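Now for the letters of each chain:
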Amino acid sequence: MNVYSEITSLKKRIKSFNKGITIGFVPTMGALHQGHLSLIKKAIKENDVVVVSIFVNPTQFDKKEDLENYPNTLDNDLLLLKAINCDIVFTPNAKEIYGKNEVSEDFNFDGLEFQMEGKFRKGHFNGVATIVKRLFEIVTPTNAYFGEKDFQQLQIIKKLVVKQNLNVTIIGCEIFRESDGLAMSSRNVRLSKTQRSAAPFIYKTLLKAKKIFGTKNADKVMNWVENEFKNHPILKLEYFEIADEKTLKPTKKVISGEKYRAFIAVFAGEIRLIDNISL
Ligand code: AMP
């Protein structure tokens, strides 16, 4: 496994590949867990060479404290990647990526960017799209893997590829969960013992919401979820939304043949957790 922190040396290596070689790419912010590894293992199965990037992208954080407290476990990440036979790891710093100009581009994603995460994390998706586009330019992947854990991000990346005519196939991967149902996340290590034992309530609520959605309309399900969290001693609901998978617009009326998903964002103290489920 080779680790590069400079763009020029990574590009040189990629240029050395024979034509026709497939490159699988998994962008991450590190603090790797089994969820990340499930994407990387899939990429290894489906491509000749796999590149994983580890870069905590400053422009996608709307809160300075969240960026400053983002876990960094680089040594362990590299051990995990080596153990599964990852080929190449790209670990640039912010200066390497942005130079002196740490700003994001402005994108138009036909409204996808204004829903849910876009409402609560200003500028987040401009930051995400800026870094993903930049990494695609550097890595020139054949296939790029993104988790459904960040379903809105996945849809936005697919839109980015279409709108900018990028030559890469985006592959969405299922959410990987702890045995108690909590969606794996780098932020989970920051949870206190009490918060960690409360957190599976999020997925349990999504499962119940899915059941209720079969019998009631979206508004009723939303009210039910809001009530479930109202008096919760540890978890604070930021939003619960039932939305069309394609447009991500809130569902008013269910149309047969369309796919819907429930999305949730919850605070455990300062730590923000998100999850979603297909309905
Ligand atoms: P992150 O390091 O949080 O930016 O995540 C890197 C990639 O891993 C993103 O495409 C995420 O959606 C994906 N990912 C993170 N957690 C999970 C999970 N629990 N299951 C599946 N994919 C995940």
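Residues numbered from 1 in each chain as written. Predicted model: local features only at pLDDT ≥ 70, side-chain atom pairs only at ≥ 80, totals over all residues. Heavy atoms only, no water.

Caption draft 1: Fine view of the pattern of salt bridges. All told, the structure shown has 17 salt bridges when counted by the stated rule. In this structure, the salt-bridge partner of aspartate 66 is arginine 121, at a minimum N-O distance of 3.9 Å. Placement of aspartate 66 in helix α3 (residues 64-68) and of arginine 121 in the loop between α6 (116-120) and α7 (124-139) is noted, with a sequence separation of 55 residues between them. In this pair, the class of aspartate 66 matches that of arginine 121, namely buried. Across the pair arginine 196 and aspartate 180 runs a salt bridge whose closest N-O atoms are separated by 3.0 Å. Residue arginine 196 is found in helix α9 (residues 193-198), and its partner aspartate 180 is found in the loop between β6 (169-173) and α9; the two are separated by 16 residues along the sequence. (Salt bridge = Lys/Arg side-chain N within 4 Å of Asp/Glu carboxyl O. Helix = DSSP H or I, 4+ residues; strand = E, 2+ residues; numbered from the N terminus. Buried < 20%, exposed > 50% of the residue type's maximum accessible area, 1.4 Å probe, protein only.)

Caption draft 2: Molecular detail of the side chain of glutamine 155. Assignment of secondary structure puts glutamine 155 in helix α8 (residues 151-163). Beyond its immediate stretch of four places on either side in the chain, glutamine 155 contacts Leu112, Glu245, Lys246 and Leu248. (Contact = heavy atoms within 4.5 Å.)

Caption draft 3: How the structure looks around the domain arrangement of the chain. Looking at the chain, the domain boundaries give domain 1 (2-173) and domain 2 (186-278). If you average the C-alpha positions of domain 1 and of domain 2, the two centres end up 26 Å apart. Summed over both partners, the interface of domain 1 with domain 2 comes to about 1,900 Å²; 53% of that surface belongs to carbon and sulfur atoms. For the domain 1 face of the interface with domain 2, the top three residues by lost area are Met116, Phe120 and Phe151, together amounting to 31%. (Domains from an automatic or database assignment. Buried area = accessible area lost by both parts, 1.4 Å probe.)

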